[in-house]
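# Fold and contact review
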Amino acid sequence: MMITFGILIVLRWLGWSAPGISEAEALKLWNIVEIGLGGYVIGRSAEKTLPRIVEVLRR
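Every value quoted in this text rests on a predicted model; they were computed, and no experiment measured them.

Attention now goes to the packing of aromatic side chains. Aromatic rings in a pair are described by how distant their centres are and how their planes are angled relative to each other. Across all of its chains, the model carries one aromatic pair by this definition. Taken together, a centroid distance of 5.8 Å and an interplanar angle of 55 degrees make the contact between Trp 13 and Trp 30 tilted. Note that Trp 13 is positioned in helix α1 (residues 2–13) and Trp 30 in helix α2 (residues 23–58), a separation of 17 residues in sequence. Residue classification places Trp 30 among the partly exposed positions, given a relative accessible area of 34%.

Right, here's the structure in full:
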């Protein structure tokens, strides 16, 4: 889903807009992509650091 939103945004920047997508809707799609990307980054960071934190707490 996020890839689809990203493609719609890039196509709009290139001048190939999907029919019926206004600028306000494109900005909403961009906000969704930003939130999704932020959640992914935070999730991956937690996934990598949490085992180390648990290991330190067990000592």
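Let us look at α1. Its twelve residues place the ends of α1 17 Å apart at the C-alpha level, agreeing with the 16 Å of an ideal helix rising 1.5 Å per residue. Buried residues of α1: Phe 5, Gly 6 and Ile 9, and no others. Buried residues of α1, seen end-on, are gathered within an arc of 100 degrees and therefore sit on one face of the element. Downstream of α1 by a residue or two, Gly 15 has a phi angle that is positive, lying close to 95 degrees.

Right, let's talk about the pattern of salt bridges for a bit. Counted by the stated rule, this structure contains three salt bridges. The closest approach of N and O atoms between Glu 47 and Arg 44, which form a salt bridge, is 2.7 Å. A residue pair is termed a helical-turn pair when its members lie 3 or 4 positions apart in one helix, as Glu 47 and Arg 44 do in helix α2 at three residues. Note on Glu 47: relative accessible area 49%, which makes it partly exposed. With a relative accessible area of 34%, Arg 44 lands in the partly exposed category. Here Arg 59 and Glu 55 are joined by a salt bridge, their closest N and O atoms 2.8 Å apart. By relative accessible area, Arg 59 is classed as exposed at 75%.

Attention now moves to α2. With 36 residues, α2 should reach 52 Å at 1.5 Å per residue; the first-to-last C-alpha distance of 52 Å fits that figure. Bending of α2 peaks at approximately 35 degrees at the position of Thr 49, with proline Pro 51 no more than four residues after it. Within α2, the full set of buried residues consists of Ala 26, Leu 29 and Val 33.

Thresholds applied
Residues numbered from 1 in each chain as written. Predicted model: local features only at pLDDT ≥ 70, side-chain atom pairs only at ≥ 80, totals over all residues. Heavy atoms only, no water. Phe/Tyr/Trp six-rings, centres within 6.5 Å; stacked < 30°, edge-to-face > 60°. Helix = DSSP H or I, 4+ residues; strand = E, 2+ residues; numbered from the N terminus. Buried < 20%, exposed > 50% of the residue type's maximum accessible area, 1.4 Å probe, protein only. Expected span 1.5 Å × (residues − 1). Arc of directions from axis to C-beta. Salt bridge = Lys/Arg side-chain N within 4 Å of Asp/Glu carboxyl O. Bend = angle between axes of the 7 residues up to and from the residue.

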